[in-house]
Amino acid sequence: MAWQAKFMVQNGRIIPWEDGRIHPHALAITYAASVFEGIRAYRHPQTGAYSVFRLKEHLERIMQGVKIMRFENPPTMAEMERGILDLIPKNEPDDDVYIRLQVLVEGPGTQVTRGPTGWTVVAIPRERSPGFSRGLNLGVSSWTRISDNSMPPRVKAAANYHASRFVSMQAKADGYDGALILNSQGKVSEGPGACLFVIRDGRLLTPHRGSDILESVTRTTVIQVAREMGYTVEETTIDRTELYVADEAFMCGTGQELVPIASVDRLPVGDGKPGPIASALQAKYEALVRGTTNEHAEWRTAV
Ligand code: PMP
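No experiment lies behind these values; they were computed from the predicted model shown. (Residues numbered from 1 in each chain as written. Predicted model: local features only at pLDDT ≥ 70, side-chain atom pairs only at ≥ 80, totals over all residues. Heavy atoms only, no water.)

S.K.: Go over the side chain of S141, please, and point to the residues and values.
M.R.: Of note, S141 is situated in strand β7 (residues 136–144). Side chain to side chain, S141 and Q170 meet in a polar contact 2.9 Å long. With residues up to four places along the chain from it excluded, the contact list for S141 reads V167, Q170, A179 and L180. (Helix = DSSP H or I, 4+ residues; strand = E, 2+ residues; numbered from the N terminus. Polar contact = N/O pair within 3.5 Å; in protein donor to acceptor, adjacent residues only side chain to side chain. Contact = heavy atoms within 4.5 Å.)

S.K.: Break down the nonpolar core for me, with residues and values.
M.R.: When a protein is soluble and globular, its nonpolar side chains tend to lie buried together. Formed by 30 residues in total, the largest nonpolar core has its most connected members in V35, I84, V97, I99, L101, V103 and V121. Residues within four places of V103 in sequence aside, it is in contact with A33, S34, V35, I62, V66, F71, P75, M80, T117, G118 and W119. Core analysis: the second largest hydrophobic core is formed by 21 residues, V222, F250, L258 and Y285 among them. (Core = buried A, V, L, I, M, F, W, Y, C linked by side-chain atoms within 4.5 Å. Buried < 20%, exposed > 50% of the residue type's maximum accessible area, 1.4 Å probe, protein only.)

S.K.: Can you tell me about the site of the ligand, naming the residues and giving the values?
M.R.: Taken together, 16 residues lie around the ligand, and K156, Y161, S216, T218 and T254 are the ones closest in. Side-chain polar atom of R61 to an oxygen atom of the ligand: 2.8 Å apart, as the coordinates give it. Here an oxygen atom of the ligand and a side-chain polar atom of Y161 are 2.5 Å apart. For the ligand, the accessible surface in isolation is 390 Å², of which the surrounding protein chains cover 96%. Classifying every residue of the shell around the ligand gives six nonpolar, six polar and four charged. (Near = heavy atom within 4 Å. Areas by Shrake-Rupley, 256 points an atom, 1.4 Å probe, with all protein chains shown as cover. Nonpolar A, V, L, I, M, F, W, Y, C, P; charged D, E, K, R; others polar.)

S.K.: Mind laying out the pattern of salt bridges, listing which residues take part and the relevant values?
M.R.: Going through the model one piece at a time under the given rule, you end up with 19 salt bridges. Where E257 meets R128, a salt bridge forms, and the shortest distance between an N and an O atom there is 2.7 Å. In this pair, E257 is assigned in strand β14 (residues 257–264) and R128 in the loop between β6 (117–124) and α4 (131–134), connecting sequence segments 129 residues apart. With relative accessibility at 2%, the residue E257 sits in the buried group. (Salt bridge = Lys/Arg side-chain N within 4 Å of Asp/Glu carboxyl O.)

S.K.: How would you summarise the sheet that holds strand β1 (residues 7–10) if you had to cite specific residues and measurements?
M.R.: In space, the seven strands of this open sheet follow the order β2-β1-β6-β5-β3-β4-β16, with antiparallel pairing throughout. Edge positions in the open sheet fall to β2 (13–16) and β16 (300–302), since each of these has one partner strand only. The sheet shows a mean angle of 30 degrees between the axes of neighbouring strands, direction not considered. Relative to strand β5 (residues 97–105), strand β3 (residues 34–43) is paired through eight bridges, and the arrangement is antiparallel. The residue bridging I39 from the neighbouring strand is I99, located in β5. Each of β1, β2, β3, β4 (50–53), β5, β6 and β16 is contacted by helix α3 (residues 77–90), which is oriented at about 30 degrees to β6, the strand it contacts most. (Pairing = 2+ DSSP bridges. Axes fitted to C-alpha atoms, helices over the stretch in contact; angles between N-to-C directions.)

Have a look at this one:
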């Protein structure tokens, strides 16, 4: 049995899990005025010590969301960091930890209400993707990706996941593990909760910043690490049919981690098995997040 969260953080205070409160008429619920981060803390296999991966980058991104959403008097990055680092040991985890940090409008109001702004943290178990070893079987969704001029994907807003749910539920009904989404230009953007890399002729390709993607922390990590490993990485546009002729492909995200893609629209990617480059990057990512390498120690915050 997985460990269970006993405590959470609400507005800087550690409280019992069941004491978390939000009014049904809060703007966070009536108009989905809420931004969040999914963050992971990994357990070192030998020492059992926990470290949070790329905490600073997640905190910076939530502050960008807070700014774009015009929330009033948000918590500081230091307060949120303290809340996360204090909460993890209180829950006495015995395995990796998934952290969800939310900043939200707690009061009732109208479409222009900007506060009071509250924040919450939960730290819970989360299983690995079923595709981690075997690869994911994905379908291209018939839903279109949200776009910057209506529901900016750059903001990790809870409301954006209304669109992601449609995509994921369609994929499930159609018998896929998940989906890839085309943007309003008809180019591949990302999945409902992770970014995409495609490998063609030894080069890594990923949809560029303007492809209606979330500016993913993991995507940035993969771009840097792949270059350090000597691969060429291009941020570019990707056509649907490039998915069918790719040698390899993988999804990446904090929650997803780095997961190979076995097929798209029932066509095998490469030979339908996790390929050598995706597998090498997956192993490297695992070492970096867990701290079994000394490289990039600056990306791990000790708990
Ligand atoms: N795209 C979407 C739509 C996501 O929800 C996520 C998960 N946060 C990602 C990409 C990956 O982002 P990150 O690497 O920052 O977790």
